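# Descriptive analysis of the structure
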Amino acid sequence: MIYVTRPSMPDFEEYCEEIKKIWNSKWLTNMGEEHEVLQKKLEEYLGCSDVVLFVNGHLALESVIAAMNFPDGSEVITTPFTFASTPHAIVRNGLIPVFCDINPENYTMDVDKIEELITEKTVAIVPVHVYGNVCDVERIDAIAKKYNLKVIYDAAHAFSIKYKGVSVARFGDASIFSFHATKVFNTIEGGAVCLPDDSYVDTLNNLKNYGIRDEENIVAVGGNAKMNEFQAAMGICNLKHIDEEISKRKVLHDRYVERLETVQGVKMCKLQKEVEYNYSYFPVVFDGFSCSRDDVFDVLYENGICARKYFYPLVSDYQCYNNYQMSFQKNTPVAKYISERVITLPLYSELSLGEVDKICGIITRIGSK
Ligand code: T4K
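Here is what the cut-offs are and how they apply
Residues numbered from 1 in each chain as written. Predicted model: local features only at pLDDT ≥ 70, side-chain atom pairs only at ≥ 80, totals over all residues. Heavy atoms only, no water. Buried < 20%, exposed > 50% of the residue type's maximum accessible area, 1.4 Å probe, protein only. Helix = DSSP H or I, 4+ residues; strand = E, 2+ residues; numbered from the N terminus. Pairing = 2+ DSSP bridges. Right-handed = clockwise from strand over helix to strand, strands pointing away. Near = heavy atom within 4 Å. Polar contact = N/O pair within 3.5 Å; in protein donor to acceptor, adjacent residues only side chain to side chain. Areas by Shrake-Rupley, 256 points an atom, 1.4 Å probe, with all protein chains shown as cover. Nonpolar A, V, L, I, M, F, W, Y, C, P; charged D, E, K, R; others polar. Domains from an automatic or database assignment. Phe/Tyr/Trp six-rings, centres within 6.5 Å; stacked < 30°, edge-to-face > 60°. Lys NZ or Arg CZ within 6 Å of the ring centre and 35° of its normal. Contact = heavy atoms within 4.5 Å. Buried area = accessible area lost by both parts, 1.4 Å probe.

### Examining the pairing of strand β3 (residues 75-78)
- With burial as the criterion, each face of β3 is covered, one bearing Glu-75 and Ile-77 and the other bearing Val-76 and Thr-78.
- For β3 and strand β4 (residues 96-99), the ladder comprises four bridges, and the chain directions are parallel. Across the sheet, residue Val-76 finds its bridge partner in β4, namely Pro-97.
- In this fold, the crossover linking β3 to β4 by way of helix α4 (residues 85-91) has right-handed handedness.
- Taken together, the four bridges between β3 and strand β5 (residues 122-126) define a ladder with parallel strand orientation. Residue Glu-75 lies in a different strand from β5, and its bridge partner there is Thr-122.

The structure is reproduced here in structure tokens:
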């Protein structure tokens, strides 16, 4: 099978060399040396004041929302075109997601539709830089200031991306990243909250480690969401190769564009101006194509290509939310339209140009029928 993605891994020897330190120290978790080194390196790489590491991206998001301590039942404006983690993090904090439609160009939140969703209960906006497309950070910032709302970017897909030369980690009140195996940069599982200053750092550290300040002082009812030393070691190794990783992906991305741009009914995301991409996903929307998205998906699968329907269904249509006291609005026609037509094609650094050609050849053949 050709999977939608494969993890990027350092040479086995390189990882062994890094984890030798863990064997010697017998310090496996609880903010050991590897954790502290990775945290510092990421602060430099992502160009933000503070990074707080987590065991995964989801708990980073859930924790930063918790850190902001919104009243129960407050409303949070977010997108329905995302992974389960985004709405679940909101709902698990006792808050109500209000779904804003997306724009048809890059599938991020449609900023023209945010203000009409704001009520006296709205406390925050959680936009997603979906597929690494950057949200309209300037307009979102202006709206947030006007209504005194917090902005937490779900930047799970956006590691390393810059907009106008500025790291995406610097926008909003906080951004979260996922370092899951399937991401451009991975720590096996992992994640981080990136912050413009240290105002939430203590609270986040409490949330990820039971509120333990020291052996005799437990100052908050926190949980356990610490990144362990093996995860951090993987991150230290992978960070050394991140530029190479992204340039390999760019070559594959460009080949997809070259091979698919003339195929009728295949719509690709237009690259945004002033964005330095990480080429994390390759979404394609089948609109006016010779057959449906599901037919294309099935033919690819029969040919050993395991593409994915990220993000179908919309999170607002999840079964788990059917009976939820959802006063929230679900009228998001653009998101629905895109989610019914989108496929993300395989993209990872070890994919070969030959494999991209094979995938594009199949799509072209179906399209010419
Ligand atoms: N916010 C957003 C917008 C997100 O997309 C995500 C996660 C999060 C927040 C939360 O971050 P984390 O808590 O996950 O750090 C995958 C990933 O598990 C998930 O991280 C990611 N988004 C989501 C978009 O994709 P699944 O359920 O599709 O994963 P799975 O297991 O089907 O893997 C996809 C493909 O990757 C497989 O077909 C083969 C390949 N694979 C996967 C794993 C786990 C490998 O080759 N090796 C592996 O170890 O969710």
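Read on for the rest.
### Overview of the sheet that holds strand β14 (residues 275-276)
- Taken in spatial order, the three strands make up an open sheet running β8-β7-β14, and their pairing is antiparallel. This sheet does not close on itself; its edge strands, each paired only once, are β8 (166-167) and β14.
- Pairing geometry for strand β7 (residues 162-163) and β14, over two bridges, is antiparallel. When the bridges of β14 are listed, Lys-162 appears paired with Glu-276.

### Focus on the pairing of strand β17 (residues 342-345)
- Because side chains alternate across β17, one face comprises the buried residues Val-342 and Thr-344, and the other comprises Ile-343 and Leu-345, equally buried.
- As judged from the four bridges shared by strand β15 (residues 282-286) and β17, these two strands associate in the antiparallel manner. Among the inter-strand pairings, Pro-283 is bridged to a residue of β17, identified as Thr-344.

### A closer look at the site of the ligand
- In the vicinity of the ligand, 26 residues are found, and the nearest of them are Arg-6, Asp-154, His-157, Ser-178 and Tyr-310.
- At 2.9 Å from an oxygen atom of the ligand is found a main-chain nitrogen or oxygen belonging to Gly-57.
- When the ligand sits alone it has 920 Å² of accessible area, and the protein chains cover 77% of it.
- At the level of secondary structure, the elements contributing two or more residues to the shell around the ligand comprise α3 (57-67) and α4.
- Looking at the shell around the ligand residue by residue, the classes come out as ten nonpolar, twelve polar and four charged.
- For the shell around the ligand, the two domains that each supply at least three residues are domain 1 (12-240) and domain 2 (242-368).

### A few points about the packing of aromatic side chains
- Evaluated as defined, the whole model comprises 19 aromatic pairs.
- Taking 5.9 Å as the distance between ring centres and 80° as the angle between the ring planes, the aromatic pair formed by Phe-81 and Tyr-131 counts as edge-to-face. With Phe-81 in the loop between β3 and α4 and Tyr-131 in the loop between β5 and α5 (137-147), this pair connects stretches of sequence that are 50 residues apart. Just as Phe-81 is buried, Tyr-131 falls in that class too.
- Grouped by ring-pair contacts, the aromatic residues Phe-81, Tyr-107, Tyr-131, Tyr-281, Tyr-310 and Phe-311 constitute a single cluster.
- Sitting above the plane of the Phe-54 ring, Lys-208 keeps its charged end 5.7 Å from the centroid.
- Looking at Lys-309, its charged tip hangs above the ring of Phe-297, at a distance of 4.6 Å from the centre.

### Structural notes on the domain arrangement of the chain
- For the chain, the assigned domains read domain 1 (12-240) and domain 2 (242-368).
- Computed over C-alpha atoms only, the centres of domain 1 and domain 2 are separated by 24 Å.
- Between domain 1 and domain 2, the residue contacts involve 45 residues of the former and 41 residues of the latter.
- Where domain 1 abuts domain 2, roughly 3,600 Å² becomes buried across the two surfaces, and 62% of that area is made up of carbon and sulfur atoms.

### Points about unusual backbone geometry
- The residue after Tyr-310, namely Phe-311, is reached through a cis peptide bond having omega 10°.
- Topologically, Phe-311 is positioned in the loop between β16 (305-306) and α10 (333-339).
- The omega torsion of the bond from Tyr-312 to Pro-313 falls at -5°, within 30 degrees of zero and hence cis.
- As for its placement among the helices and strands, Pro-313 is situated in the loop between β16 and α10.
- A positive phi is found at Met-31, a non-glycine position, where the angle reads about 55°.
- In this structure, Met-31 sits in the loop between α1 (12-25) and α2 (33-46).
- Residue classification places Met-31 among the partly exposed positions, given a relative accessible area of 27%.
- Although it is not a glycine, Tyr-279 sits at a positive phi angle of roughly 55°.
- Turning to its location among the elements, Tyr-279 is positioned in the loop between β14 and β15.
- For Tyr-279, a relative accessible area of 11% puts it in the buried group.

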